[in-house]
Amino acid sequence: MLSQESLRQINKEIAKYPPGRKQSAIMSALRIAQTEKGWLPKEVIEFVADYLDMPPMAAYEVATFYNMYDLEPVGRHKLTVCTNLPCALSGGVHVAEYLKRRLGIGFNETTPDGKFTLKEGECMGACGDAPVLLHNNHRMCGFMSMDKIDRLLSELENQ
Amino acid sequence: MSARALILAGIGADADRTWRLQDYVARGGYDTLRKIVAEKTPPEAIIAELKTSGLRGRGGAGFPTGLKWSFMPRAFPGDKYLVCNSDEGEPGTFKDRDILRYNPHAVIEGMLIGAWVMGCTRGYNYIHGEIFQVYLRFEEALEEARAAGLLGQNILGSDFSFELFAHHGYGAYVCGEETALLESLEGKKGQPRFKPPFPASYGLYGKPTTINNTETFASVPFVLKMGGEAFLGLGKPNNGGAKIFSISGHVNRPGNYELNLGTPFPELLEMAGGVRDGRKLKAVIPGGSSAPVLPADIIMDCTLDFDAIAKAGSMLGSGAVIVMDETACMVRALERLSYFYHEESCGQCTPCREGTGWLYRVVRRIEEGLGRSGDLDLLCSIAENISGRTICALGDAAAGPVRSFIKHFIDEFIYHIEYKKCLVPLAVQDLGSQINVNVSPT
Amino acid sequence: MLEIEIDGNAVQVPDGSTVMDAATLAGVYIPHFCYHKKLSIAASCRMCLVQVEKAPKPLPACATPVTNGMKVWTHSETAIKAQKGVMEFLLINHPLECPICDQGGECQLQDLAVGYGGAHARYREEKRVWVNKNFGPLIASDATRCINCTRCVRFTTEIGGLMELGQAHRGDHAEIMSFLGRAIDSELSGNIIDLCPVGALTSKPFRFSARAWELSRRRSISPHDSLGANLIVQTKHDKVMRVLPFDNDRLNECWITDKDRFSYEALASEHRLTSPMIRKDGEWRAVSWQIALEFTVAALQEVVGGQGGQALGTLASPHATIEELYLLQKLARGLASENIDFRLRQRDFRGDAVRGGAPWLGMSVVDIHDLHSLLVIGSFLRKDAPLLAQKVRHSALRHGLRVSAVGSSAEDWRMPVAARALVAPAAMAAALAGIAAALAAETGKPVAEALAGRLPPDIPNNVRAIAQSLASGEKNAVWLGSFAVQHPRAAELHLWAQEIARLSGAALGFIGEAANSTGGYLASAVPGAGGLDARAMIESPRDAYLLFGVEPDLDFADGAATMTALDQAQLVVAASIFDSPALRQSADVLLPIVPFTETPGTFVNCIGDAQSFHAVALPPGEARPGWKVLRVLGNLLDLPGFNQDDAKAVRDEALSGDIRACLDNAIGELPEAEDPSPAQTSRLQRVADVPVYFADPLVRRAASLQKTADAAPPTARMSASTLAALGVSAGSRVRVTGTGTVELQAVADESVASGCARIAAAHPATVALGPMHGNLSVEQI
């Protein structure tokens, strides 16, 4: 179900916790699985749950509780835009509107070519860099002017 | 950054290159730990020093750190855990991110000292999921510390051992609440626990656990190095030392500024380059989005410390200062905050699960020009029914802004309801007001 | 003890009590939803907020520990305001559909809304709607009504042993669901219907059939497993509409099994026998009681008069009442026959001669809580005795009980099992001997002389681990399950279990198979001197049989052999609740008797409690209580002692002595007798379970239970290595041959001991296979 490399990474995470506390690694295990698969199909969640000796429902609770997990397929590039107060004060809402226009999609939608998914995000803890957005969960982009968005999009278009 | 900086001292333009162990050591890092281990400083002495310093928790609640550390049952046999709360995700807060990416070893040293004091054998740093690059850097810093014999078994050749690991969140603000964080560390949903029991007796995996904020841990080496009295002297009585203020919103130079507690607010505003475009200051949320908002005239008279801000009717919280100028529509601002708490409620207890959604829907309605007379009373009543009735503080955090925004800016709310229009011209607004979007002009 | 003042009343409560505990003691009701006395504390609904002196805000009574001198107000202005606030929040997204909700009239939310809800809704936004779930054939979901109290989630995790339900998503999107929409398979699942404080989880078989206030509530006792769960049977116009638990902290607490709860559907089965019937010239026809009884009496007298009482075999269901079993044995003995038995699936009766008394659990159910170590020998514990398993699970999860097991199947008990010996049936005695040997080594006590010569030379580590677990505990128990009792060498397993119990200072107990597995002994429904036991009555066919409440093809150790014996008999009289093809094939006269709901009766459960119950409904048609039928038969046969005025008189006569004094699990040295079963030489042995929903005539006809996963048709389950050795691929059809042949699907199942095939008994699909134990051959089709 998962690659050897993913399993190796999960094993490394398991080792961080005391014996018998494998479940503690669920968040990183799901993250690793999602990075490999692009999103988290339920079979993958069940596989990860079995791997960590926990009930699949408990793993599903985790996968649905934390909003960086994707339970539906997303585009190759998921852009999560913060529109909360500090970002909004710095133009976060306009960033989102601009992205919607540029990509021709709304929040929680994916471009027909499968390249981009747009999400509305919650505070990312980087309000000093506002407005911010996250690319594929792990890369933070700050001070997003229209110009920087254009550059980011053309960079990602070509990937 | 302030000249008085401690945690952020020596961190300048090349901050992204000076976070490594060698840089920290060059700045005097790990001196305190080495001294403690070499001299076998008694834990009681360290706790006493911390108490003298007046160091209070930097995560928002401001609980005295020395006192917290003294609660830990040091003699408890078996595992005891030390947890660092780097799950910073309240709108306005972004200081832990900078500490972790520019000075991660200060946190590690602070945790080592905490482990020494409380007899913890294992620790975790829970890092906000959205700052994943920072999590990776912290993992690197841990590797450096392990390689240098600063972490693991027999630290610095002594019989002191402590294992420290990084754990990342993945998008849940509520995990910043310490018991939700523990649940999350155990691999569950981050739903806060009812207290008592408190983590000091029943924490991670049911074992005694102490949880401190990133900045608190990072402060500890500096407090001990300069001495409790000296640290206290930086600030005001009961508000010892310096702390990091994160300023965002309508200022020219948003960012982190390390100031002595008790610094007048206008000084911080000036450091941040003043209000953007020379506009007029309207309101400030002084301690993260859950702190009550203060109008300009009140905040301009405040000093930045726990007691002064509390006296003004708000709280210093984590020192996250959100600045709004005259172009900000306060209804829209509240709508953004209410949306946040609605989205981030964990769903466990009734008042927060149901109440935050209700608050948001009513505020949104008013924002969109669909408000009804009686809505403001309704909002206050809902907020009152949430406050103090929930398992954790998220309910209070959601209710606080509603009450303070209405209290201080009731005119704007009434105007929205009565005239279906915004007092602030839409053209100048950054917030993207939605008013009239859903209302056809009559 | 702590002193607390609640609403002005001083109460003393034990240390560690919560305000809710104290209020319960003081008789003060605090409204609540998520709190449940048997579940962990969630403190999440916030309905139980109360005012506590010196506390700055109201506190949840369920989670607030009492401190000495505490003062609490449950109905002060502060408390009521908080409670009303919570009620409003609970109602904003709750649909206003009480008139069409099955919970109406017994809904905690509805009840409390009367006291704490407002007359008008201030919430004017759109209400949340959730899609209903499919939780299987027993539990209906109306998800939108859910108030997220999470009682059901906590139940599946804490009581059921597997988190089958969870609360996914967060905030007001939080929603109770099962993973992948799976059905809830727990044999205790129906309890979440009772736990749900609203109409989100209701009974699928019951829903829309009656309103709570239309129902009469009558107490009864479960007729199924050996625990004797206390029931409330609810009827409308003399028809049983549903069954609920009656709290009994000594036995079932507030739980019942799904079998207890849903078997009532069989009461109205179209297969109920509603008239006496006689076969004449190969044709069955309904007759009056008089004709049927006269026929029966004449036929019995003919056989007994001709060949003597020895020619008669009397076989009764272990689910029959004490009154029925007692009168039945009295009737048989009145006809000079000692051939009577109720232990229909047992093979080895060597223990009868050296038995101390009636087998029982050997301890109280409550004491399971304090056990340190428990060895379960030969039991499908979770399905055979779901509530005993629940007690064990609770103790294992919460109180550190170490559970170990010896058996031929290691199916999931949904509890931690510390050590296990998974061995073929023929190797069970050796495994037990190994435990005894290891225990002797651990404790320094010698193994009893008579057994010392039979100790194995080598002791595997898993067997040693079981011994160590027992040796390290102070309060221990060793239980023999139905698989051990039905084992061809049951007496030896009993002897070894006794030795293990002696060496470890453990209580020795029998789990018991059925409602009267202990009671049958007390009612003397066992062969006396010279009498034949259940097996012998089949292996040495009788001229006449008297069957009581049994299905000859399904209720015996070897259904095929039983049918053959009955087919050869001159006379078969069958008193039965249900009509069935097997009875029509084998019997000459059918007498319609009634189940537990239509007769007074008594079951003596596994801890020796004689629990009596009354009829709660009228029998259909001409069906009559079994004890009355037997009384009339006794009188018509002119036998003495059949003049009891009522069922109570029968019970008093049957249980005249001290029950406790009759309970004794001791077994003496076995007489040197011929081996009860030939040595296992085949490379494949049968492991037969009695599936939970095929175990007795009632459940077999409970329509909804028959739709569950537990009612799936039998398969031939073998470990991958066994399948490979046989050259059979998993999933294929196989021809399985015992004394007869059946075709089944082969299924890979690592919980089955190597060299064994687990094939369920008590099912029409496997009757032809023959005995529950013994050699099999398997070939792929």
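Predicted model only: the values in this text are computed from it and were never measured. (Residues numbered from 1 in each chain as written. Chains lettered and ligands numbered in written order. Predicted model: local features only at pLDDT ≥ 70, side-chain atom pairs only at ≥ 80, totals over all residues. Heavy atoms only, no water.)

Undergrad: What's the story with the pairing of strand E22 (residues 544–548) of chain C in this structure? I'm lost.
TA: Note on strand geometry: in a regular strand, side chains alternate between the two faces of the sheet. Residue and element names in this part refer to chain C. Counting buried positions along E22 yields five of five residues, so the element is predominantly enclosed. Both faces of E22 are covered, namely the face carrying Ala 544, Leu 546 and Phe 548 and the face carrying Tyr 545 and Leu 547. Bridge count for strand E15 (residues 312–316) against E22 is five bridges, and the pairing is parallel. The residue of E22 that forms the bridge with Thr 314 is Leu 546. In the classification by handedness, the crossover that spans E22, the intervening helix H18 (residues 559–568) and the parallel strand E23 (residues 571–576) is right-handed. (Buried < 20%, exposed > 50% of the residue type's maximum accessible area, 1.4 Å probe, protein only. Helix = DSSP H or I, 4+ residues; strand = E, 2+ residues; numbered from the N terminus. Pairing = 2+ DSSP bridges. Right-handed = clockwise from strand over helix to strand, strands pointing away.)

Undergrad: Could you clarify how one ought to interpret the interface of chain B and chain A in this entry?
TA: Many descriptions give the size of an interface as the accessible area lost when the pieces come together. Each partner contributes to the interface: chain B provides 63 residues, whereas chain A provides 44 residues. Roughly 4,300 Å² of surface becomes buried between chain B and chain A when both sides are summed, with 56% attributable to carbon and sulfur atoms. Counting the contacts that link chain B with chain A gives four salt bridges. Among the ionic pairs, Lys189(B) bridges to Glu61(A), the shortest N-O distance being 3.4 Å. (Contact = heavy atoms within 4.5 Å. Buried area = accessible area lost by both parts, 1.4 Å probe. Salt bridge = Lys/Arg side-chain N within 4 Å of Asp/Glu carboxyl O.)

Undergrad: Before we go on, may I ask you to explain the nonpolar core in this structure?
TA: Taken as a class, soluble globular proteins show a tendency for nonpolar side chains to be buried jointly. Residues Tyr66(A), Ile108(B), Phe162(B) and Trp479(C) are the most contacted members of the largest nonpolar core, which totals 287 residues. Tallying contributions element by element places helix H6 (residues 104–118) of chain B first for this core, with ten residues. If you count residues domain by domain, this core takes at least three from each of domain 1 (4–65) and domain 2 (77–157) of chain A. Leu375(C), Val406(C), Ala421(C) and Leu439(C) belong to the second largest nonpolar core, which has 43 residues in total. (Core = buried A, V, L, I, M, F, W, Y, C linked by side-chain atoms within 4.5 Å. Domains from an automatic or database assignment.)

Undergrad: Whenever I open this one, the domain arrangement of chain A confuses me. Can you help?
TA: Considered domain by domain, chain A is made up of domain 1 (4–65) and domain 2 (77–157). Distance from the C-alpha centre of domain 1 of chain A to the C-alpha centre of domain 2 of chain A: 28 Å.

Undergrad: Would you mind showing me how to read the packing of aromatic side chains here?
TA: Each aromatic ring pair is specified by the distance between its two centres and by the angle formed by the two planes. Evaluated as defined, the whole model comprises 25 aromatic pairs over all chains. When the ring of Tyr17(A) is compared with that of Tyr124(B), the centres are 5.3 Å apart and the planes differ by 15°; the resulting orientation is stacked. Taken together, the residues span two chains, with Tyr17(A) in the loop between helix H1 (4–14) and helix H2 (26–37) and Tyr124(B) in strand E2 (residues 122–127). Accessibility classification places Tyr17(A) together with Tyr124(B) in one group, the buried group. Geometrically, the ring pair formed by Phe132(B) and Tyr135(B) is tilted, given 5.2 Å between the ring centres and 35° between the ring planes. (Phe/Tyr/Trp six-rings, centres within 6.5 Å; stacked < 30°, edge-to-face > 60°.)

Undergrad: Mind showing me how you'd approach the sheet that holds strand E18 (residues 402–407) of chain C here?
TA: Across a sheet, paired strands are connected by hydrogen bonds in the backbone, their directions being either parallel or antiparallel. Residue and element names in this part refer to chain C. The five strands are arranged E19-E18-E17-E20-E21 in an open sheet whose pairing can be described as parallel. Two strands in the sheet have a free side with no partner beyond their single neighbour: strand E19 (419–422) and strand E21 (506–510). Between one strand and the next, the sheet's axes are offset by a mean angle of 15°, whatever the strand orientation. When E18 meets E19, the two strands line up parallel, connected through four bridges. Note on E19: the bridge partner recorded for Gly 407 is Leu 422. Sheet strands in contact with helix H13 (residues 461–472) are strand E17 (373–377), E18, E19 and strand E20 (476–480), and its direction is about 140° off that of E19. (Axes fitted to C-alpha atoms, helices over the stretch in contact; angles between N-to-C directions.)

Undergrad: Which parts of the structure should I look at to understand the interface of chain B and chain C?
TA: Taken together, the contacts link 35 residues of chain B with 34 residues of chain C. Here chain B packs against chain C, burying approximately 2,900 Å² in sum over the two surfaces, 48% of which is carbon and sulfur. On inspection of chain B and its partner chain C, the count reaches five salt bridges. Of the charged contacts in the structure, one is a salt bridge between Arg128(C) and Glu354(B), with a shortest N-O distance of 3.1 Å. Between the two partners, chain B and chain C, sit 20 residue pairs in polar contact (both at pLDDT 80 or more). Top contributing element to the side of chain B that touches chain C by residue count: helix H15 (residues 350–367) of chain B, with ten residues. Classifying every residue of the side of chain B that touches chain C gives twelve nonpolar, 13 polar and ten charged. (Polar contact = N/O pair within 3.5 Å; in protein donor to acceptor, adjacent residues only side chain to side chain. Nonpolar A, V, L, I, M, F, W, Y, C, P; charged D, E, K, R; others polar.)

Undergrad: I would appreciate a short explanation of the confidence of the model for chain B in the present structure.
TA: One rule of thumb: low pLDDT means the predicted coordinates there are not for detailed reading. All names here are of chain B. When the pLDDT values of chain B are averaged, the result is 93; 97% of them are 70 or greater. Within the model, the stretch residues 438–442 combines pLDDT values under 50 with four contacts to residues more than four positions away or in other chains. In the model output, the complex is listed with pTM 0.95 alongside ipTM 0.97. (pLDDT = per-residue confidence, 0-100.)

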